[in-house]
Amino acid sequence: MIAITIDNRNVLAEPQDTILQAASRNGIRIPTLCYHKRLSPIGSCRICMVEVTGMDKPVPACTTPVAEGMTVETRTERVMELRRTVIRMMLINHPMECHVCGASGSCALQDLAYEYGVAAHEFGEIPVNRRVKPYATPLIPYDPNKCVLCLRCVHACQEIKGIDALSIALRGSLAHIQGERSRCISCGECWQVCPVGALTQAVTDPPTRIHQMEAVTTTCGYCGVGCQMELRVMDGKVWGVTAPDDPEGPNNGSLCAKGRFGFDFIGHPDRLTVPLIREGGRFREASWEEALAYAARKLKEICASHGPDAVMGFSSARCTNEENYLFQKFLRAGVGTNNVDHCARL
Amino acid sequence: MNRFFFSSWGRDPDKTGPWEEKGLLFPARFDDDREIRAFMGWQGIICRDPSVNMVDMCREYIKRAQQESCGQCTPCRMGTRILGDILERICQGRGTGADLPALKSLARQIADASRCDIGQTAPIPLLHALRHFRDQFEKAVREAAPIPRGTYLFKVTAPCTSACPSHLDIPGYVEAVAQGRYEAALKIIRQDCCLPGVVGRVCVRPCEANCRRGLADEPIAVKTLKRFVADYELDHGKRPLFPEIARKKQRIAIVGAGPAGLACAYYLGLRGYPTTIYEALSEPGGMAAVGIPDYRLPRHILRHEAHLVERLGCEIRYGIQVGKDISMDQILETGAAAIFLASGAHQALRMRCQGEDAGYEGFMTGVVFLREAAFGRRPLSGEKMVVIGGGNVAIDCVRTAVRLGFAEAVLVYRRTEAEMPADPEEIRDAKDEKVAFHFLTQPIKILAKKGKVTGLECLRMVLGEPDASGRRRPVPVEGSNFVIQTDAVVPAIGQACDLSYIPPESGIPLTRWKTVAADPVTFQVDGRPIFAGGDCFYGPLTLIAAIASGKNAARFMAKYLEKGKCLPEERDVMEGLIQKIGVYDPQEAPPIIGGRARIHPKTLDPEMRTASFDEVERGFCAAEALQEASRCLRCSRLALAAL
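Residues numbered from 1 in each chain as written. Chains lettered and ligands numbered in written order. Predicted model: local features only at pLDDT ≥ 70, side-chain atom pairs only at ≥ 80, totals over all residues. Heavy atoms only, no water.

Digging into the overall build of chain A
Here's step 1: The helix and strand inventory of chain A stands at eight helices and 14 strands.
Here's step 2: The globule rule puts the C-alpha radius of gyration for 346 residues at 20 Å, and the 27 Å found for chain A is more than 25% above it.
Here's step 3: Taken along its principal axes, the extent of the C-alpha atoms in chain A is 90 × 50 × 35 Å.
Here's step 4: A burial count over chain A gives 46% of its 346 residues as buried.
Here's step 5: Counting contacts in chain A only where the partners sit at least 6 residues apart, residues at least 24 apart contribute 59% of the total.
Here's step 6: Carbon and sulfur atoms form 52% of the exposed surface of chain A, whose accessible area is close to 17,900 Å².
Here's step 7: Across chain A, the mean location of the 37 positive side-chain charges is 4 Å away from that of the 37 negative side-chain charges. (Helix = DSSP H or I, 4+ residues; strand = E, 2+ residues; numbered from the N terminus. Rg over C-alpha atoms; globule rule 2.2 N^0.38 Å. Buried < 20%, exposed > 50% of the residue type's maximum accessible area, 1.4 Å probe, protein only. Contact = heavy atoms within 4.5 Å. Areas by Shrake-Rupley, 256 points an atom, 1.4 Å probe, with all protein chains shown as cover. Lys, Arg positive; Asp, Glu negative; His and termini not counted. Charge placed at Lys NZ, Arg CZ, Asp CG, Glu CD.)

Structural data, given as structure tokens:
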């Protein structure tokens, strides 16, 4: 550990810490926007600028390593005013219509504007004609006016997913995110990390903001990985899926296209909710007791007349590991055959 | 004559410090016809004409900065736009009194908070102008009359880019690597260097010596990053996509398939010109192939990159020595529209040591020794070899000797290690391979018995006063003669070009250093359809300089063939001007806190190395490349000149 001073407090930091990590380790808050714990430091927003004794200019806390004896000030007049200026710049062309924005309440820009008391378009608007642009996937609309170009999306696409479908198009004030449809896998990682309302999802039209809905933590059923996810539920309906904020479980806070956007089956009218038994070429509804008894009787008959190897079991990747284990045990020990297989993935 | 001169170059706009006349370094004239009325850049303003409107010049400078802003940080992306809009308003005669303080405070904040040097330096000339030319701004607001636009020349450079003979966009491709866009990085490299795998291995890297990060901790490993993307392409079976080019009819002949010749063919090919290269050896690469051993530059890399040149409409005719197998006149008779001379420095310099002309068995010049070894032969026999010299070629010879099975390889140099021109990394590698170094030793006589080398008589030296090169001159110690027993002696003290293939009646002017006299910018000889580059123009120089000459000669040859003449372009002149004032400032304290060490590529274990000619230095893995590339400070520099 090395000793540094932050805001007149003597604190200890790991030698490989950045100023931001050392501050948060010691309970000192430095405001951030582009920083995301699952991504390498980006350094694009310039909100976390702090002053370090001996340096002429402020430095970004998220990318600057600590050094023994360093003295850091996080709230000098100079950096507070810098932050205000940067927030004002981010609000240029930003529609001031938080009441109709899906991110309101979970928006980093809104929070910063509140904290630093930036109320309006103080720099005015810059006439660049920008509408919602085509993006890498039709599942996610992109609004360049709301975008603050923090580049979390670009980094997530590259660092977490290794896809690299996003990049910056054009330069200066015309810069915006552009997506490459041929590369994009519609995983929605960009949407998950977007700190503002620039990226939204086009799968459902929720009656309220998804982040305000009840979060039901569950395990994704699409494959055997066991990704942890949160179903966003209101009025008994699933309106969206998010990954838990704290990287837990095998997915570390990440999801794939199926887990994140493939949830409409849950409330779909075609979904089977009771067992069906075919009689005379037509299905009729049955109780679980009846259906299981029927299947058991038929299996026993087949085993008796043709031997257990006339039976084969095929299970689904939607089942958990435990369920699949029981399934093969049932076939091997119960039925008496090794004819068992699995669809491996969906 | 009391001429107007103002310079705030290098001064803090807030302080009235010592008046440093750094600005006087900047030339007053652009070319024979035009003066430089004012210059704006990353360290201030230089003005020689009081009629230049600084408000308009600031408008132009900030507008250019906004166009260069990559969009990756808020203050530069939006801030330069706001500044530009305010300046535009003032220039249109619609400025207000509140605009000037707003410009000043915003400019300062953008310089404080931006991520890279475009945003950090773009407001600097504006701040200087607001301080030193405030009356012009106040007048513009007061009179509220539109200000006409001046004509300016704009250029983007960087300390590394400026130092590189071929001016590669290093910040551009290093950033592409940091973003994982390897093919995009390679595309940027190929704009100015067609042999990325070669240069990525053996470049002398002036960029790294001029890297600003080096002032905070260590320079960026630019060379190894270049190699990384070249290897990535090769290892993944990818090939560069060349645009469809309409083939031109005129064919251009090139003498020598070395780096200069290949570069010329490559960049002519991109312009649609077919080329024919006459190469004396059976290999592409020239001195890079037979002068640089395989453990530093594997031959397949050269062959691969030469093959890419062939894809662009270049025919390489191997085993044809110009002057012997075909004459210059015969080349012109084949219908070549122009000739590019790019022969290498294959001739060894004499060391003025008794016995070097006696033709002893066991004596061979370094150039011949390396060439023989490059073709897989062991040209000298015995157990012990002495190499004379202190440059990279001497190190190449002695390390090759180790690999050819000489039990003892000794390097003799007349000064000390500190004065050795060889790359320190090469010296380190040679020591790892158990090469013995004899410093302050001057050979005076090669000893032989029955026509076969038996030893080398030497004198001890001491260092005296510095000579013209700044290095201390070695002075012999009287009577200190001693003998090193050896089976082989290889001098490697320098090279020269053999230009005997150029007949005197051709009228091609030669210099007294045995090089072709050509224009240093256009590489044209005497306004004729003959151009020269690489070692035969510079004398033995670096690989990247050879590539640069080939690249630029291709541009000017195309111009010559299309327009009938070629003169340096404005961007060439601007480049030279900027270099006068210096893009890299070794006195500067960069505004970052260092401590992120450079990543050094792994090298083959010394015991493993000497058994073969396998490549010693390994490249970066992807994680190392990303980490190293992310250390770049992106020191882009914007320069604007009013003519």
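Focus: the pattern of salt bridges
Residues and elements named next belong to chain B.
Here's step 1: Applying the stated rule across the entire model yields 71 salt bridges over all chains.
Here's step 2: Ionic pairing is found between Glu588 and Arg212, a salt bridge with its closest N-O pair at 2.8 Å. Here Glu588, found in the loop between helix H23 (570-581) and helix H24 (606-609), pairs with Arg212, found in the loop between helix H11 (206-209) and helix H12 (213-216); they are 376 residues apart in sequence, far enough to count as distant.
Here's step 3: Residues Asp429 and Arg399 are paired through a salt bridge, measuring 4.0 Å at the closest nitrogen-oxygen approach. (Salt bridge = Lys/Arg side-chain N within 4 Å of Asp/Glu carboxyl O.)

Concerning the sheet that holds strand E3 (residues 49-52) of chain A
Residues and elements named next belong to chain A.
Here's step 1: Read across the open sheet, the five strands follow the order E2-E1-E5-E3-E4; overall the sheet is mixed. Unpaired on one side and paired on the other, strand E2 (9-13) and strand E4 (59-60) mark the two borders of the sheet.
Here's step 2: Direction of pairing for strand E1 (residues 2-6) relative to strand E5 (residues 71-73): parallel, over a ladder of two bridges. Of the residues in E5, the one forming a bridge with Thr5 is Thr71. (Pairing = 2+ DSSP bridges.)

What about unusual backbone geometry?
Here's step 1: Residue Asn93 of chain A is not a glycine yet carries a positive backbone phi of 65 degrees.
Here's step 2: Since its relative accessible area comes to 9%, Asn93 of chain A is described here as buried.
Here's step 3: Look at His167 of chain B: it is not a glycine, yet its phi comes out positive at around 50 degrees.

Thoughts on helix H2 (residues 74-91) of chain B
Residue and element names in this part refer to chain B.
Here's step 1: Taking 1.5 Å per residue as the helical rise, H2 with its 18 residues ought to reach 26 Å, and the 25 Å between its terminal C-alpha atoms agrees with that figure.
Here's step 2: For H2, the buried fraction is high: 15 of the 18 residues fall into the buried class.
Here's step 3: Downstream of H2 by a residue or two, Gly93 has a phi angle that is positive, lying close to 85 degrees. (Expected span 1.5 Å × (residues − 1).)

Concerning a nonpolar patch on the surface
Residue and element names in this part refer to chain A.
Here's step 1: A cluster of nonpolar residues, Leu272, Val274, Leu276 and Phe283, forms a patch on the protein surface that exposes about 380 Å² of accessible area.
Here's step 2: Position of Leu276 among the secondary structure elements: in strand E11 (residues 276-279).
Here's step 3: Its relative accessible area of 35% is what places Leu276 among the partly exposed residues. (Patch = residues over 30% accessible without salt bridge, like charges linked within 9 Å, V, L, I, M, F, W, Y side chains within 5 Å.)

Quick notes on the domain arrangement of chain A
Here's step 1: Domain boundaries in chain A define domain 1 (2-90), domain 2 (205-271) and domain 3 (289-342).
Here's step 2: Here the C-alpha centre of domain 3 of chain A lies 61 Å away from the C-alpha centre of domain 1 of chain A. (Domains from an automatic or database assignment.)

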